[in-house]
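Here's the letter readout for the chains.
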Amino acid sequence: MRNILAIVERELRAYFISPVAYVVLTVFVLLSGIFFLLVLNQIIQMATINALQSQRFGTGPAPIDMPFLVSSNYLGSMQVILLFTLPMITMVLFSDEKRRGTIELLLTVPLTDVQIVLGKFLAAVSFYAIMLATTWIPMSVLFLYGDPAWRPILTGYLGLFLYGVALLALGLFVSTLTENQIVAGFASFGTALILWIIDGVAQNATALTREVLTYVSILGHMDDFRLGVISTTDVIYYLSMMTLALFLTYRSIDSMRWRG
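In this text the structure is predicted, and so the values were computed from the model without any measurement.

Trainee: What should I look at first to understand the environment of Arg 13 in this one?
Mentor: Following the sequence through the fold, Arg 13 ends up in helix H1 (residues 2–17). Arg 13 gets classed as partly exposed once you look at its relative accessible area, which sits at 43%. Along the sequence, Arg 13 and Ala 123 sit 110 residues apart, while their C-alpha atoms lie 9.6 Å from each other.

This is the structure:
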């Protein structure tokens, strides 16, 4: 465990010594704030239209749970932002080691491949947790001016965390395949995007194919979390994807050691 923590500390230090951490955090905070304002404005407009229609027809306005709608749509928009920002976290983890020639040194120190993979993965997860923590800045507005139900918000964050760690594990594996950081970033984004658009492809498929593609899609498994429901199927999906990606990363590192 001490070796894993040493790698985590090393990688986090590398993040914050370079401009990567500050650029990613700045872009993420800026985009998340803009998306929150857009979502909030959309929900306010919807409530205004609902009130005007009720006034026109002489009926009482339909009840709208604005805090829930804002939080649910805001967390849903985070999936889009993370699709672009998470590859920026993982693209340097192994590709930069290979580019600088330090991967040989890393593979010769008294560390197992499992420790190396877990150390780098947990460093990326730690940085991701910092990113998610910044989203509470706009979310705090809901608690300052309203009384939102906190359980759907917590389950939404749980789903978003699982969604993120699955993509981080995928990006970590892709990072082992090339020494070019840009290639690693675009390849990670492209792979994640394929898992995204599968959901749209499934709508035009046959019944059996639709069921398979819907399960494979990384997008559809967030819906229940945003509604405040923790589904075992969704949790297993994200954990299985994470485990598979980490195993592939381990095998890729093992092949480097074997070739070296």
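Trainee: Teacher, can you tell me more about the side chain of Thr 90 here?
Mentor: You can see Thr 90 is positioned in helix H3 (residues 66–90). Discounting chain neighbours no more than four positions away, the residues touching Thr 90 are Leu 168, Gly 171, Leu 172, Ser 175 and Ser 188.

Trainee: Help me out: how do you make sense of a nonpolar patch on the surface in this one?
Mentor: On the surface, a nonpolar cluster with roughly 480 Å² of combined accessible area is contributed by Val 23, Val 27, Leu 30, Leu 31, Ile 34 and Leu 38. Turning to its location among the elements, Val 23 is positioned in helix H2 (residues 20–57).

Trainee: Just checking my understanding: could you explain empty space enclosed by the protein for this structure?
Mentor: Rolled over the atoms, a probe as big as a water molecule pinpoints where empty space is left. Under the counting rule described, the total for this entry stands at one cavity of 30 Å³ or more. For the lining of the largest cavity, the secondary-structure elements that each account for two or more residues are H3, helix H8 (150–175) and helix H9 (181–202). Broken down by element, the residue count for the lining of the largest cavity peaks at five residues, all from H3. Split into classes, the residues belonging to the lining of the largest cavity amount to seven nonpolar, three polar and no charged.

Trainee: How should I be thinking about H8 in this particular structure?
Mentor: Look at H8: 37 Å from first C-alpha to last across 26 residues, which is about the 38 Å you get at 1.5 Å a residue. Of all 26 residues that make up H8, 21 are buried, and the element is covered over most of its length.

Trainee: Sorry if this is basic, but what is going on with the side chain of Thr 176 here?
Mentor: Position of Thr 176 relative to the elements: it lies in the loop between H8 and H9. Given the relative accessible area of 3%, Thr 176 is considered buried. At a separation of 2.9 Å, a polar atom in the side chain of Thr 176 contacts the side chain of Ser 252. Not counting the four nearest positions on each side in its chain, Thr 176 is found in contact with Phe 94, Lys 98, Thr 249, Ser 252, Ile 253 and Met 256.

Trainee: Which parts of the structure should I look at to understand the packing of aromatic side chains?
Mentor: Each aromatic ring pair is described using two quantities: the centre-to-centre distance and the angle formed by the ring planes. What the rule picks out here adds up to eleven aromatic pairs. A centroid spacing of 6.1 Å and a plane angle of 15 degrees characterise the contact between Tyr 128 and Phe 161, whose relative ring orientation is stacked. Here Tyr 128, found in helix H6 (residues 113–134), pairs with Phe 161, found in helix H8; they are 33 residues apart in sequence, far enough to count as distant. According to the relative accessible area criterion, Tyr 128 is buried, its value standing at 0%. Residue classification places Phe 161 among the partly exposed positions, given a relative accessible area of 30%. Ring centres 6.5 Å apart and planes at 40 degrees place the aromatic pair Phe 225 and Tyr 238 in the tilted group. Here Phe 225 is found in helix H11 (residues 223–226), whereas its partner Tyr 238 is found in helix H12 (residues 232–259), with 13 residues between them in sequence. Pair check on accessibility: Phe 225 and Tyr 238 agree, each one buried. One aromatic cluster is present, built from ring pairs that chain together Tyr 15, Phe 16, Tyr 22 and Phe 127. Against the face of Phe 94 rests Lys 120, its NZ or CZ located 5.1 Å from the ring centre.

Criteria and thresholds
- Residues numbered from 1 in each chain as written.
- Predicted model: local features only at pLDDT ≥ 70, side-chain atom pairs only at ≥ 80, totals over all residues.
- Heavy atoms only, no water.
- Helix = DSSP H or I, 4+ residues; strand = E, 2+ residues; numbered from the N terminus.
- Buried < 20%, exposed > 50% of the residue type's maximum accessible area, 1.4 Å probe, protein only.
- Contact = heavy atoms within 4.5 Å.
- Patch = residues over 30% accessible without salt bridge, like charges linked within 9 Å, V, L, I, M, F, W, Y side chains within 5 Å.
- Areas by Shrake-Rupley, 256 points an atom, 1.4 Å probe, with all protein chains shown as cover.
- Salt bridge = Lys/Arg side-chain N within 4 Å of Asp/Glu carboxyl O.
- 1 Å grid on protein atoms, 1.4 Å probe; cavity = no way out; pocket = protein on both sides within 12 Å on 5 of 7 lines; lining within 4 Å.
- Points joined across faces, edges and corners; volume = space filled by probe spheres on them.
- Nonpolar A, V, L, I, M, F, W, Y, C, P; charged D, E, K, R; others polar.
- Expected span 1.5 Å × (residues − 1).
- Polar contact = N/O pair within 3.5 Å; in protein donor to acceptor, adjacent residues only side chain to side chain.
- Phe/Tyr/Trp six-rings, centres within 6.5 Å; stacked < 30°, edge-to-face > 60°.
- Lys NZ or Arg CZ within 6 Å of the ring centre and 35° of its normal.

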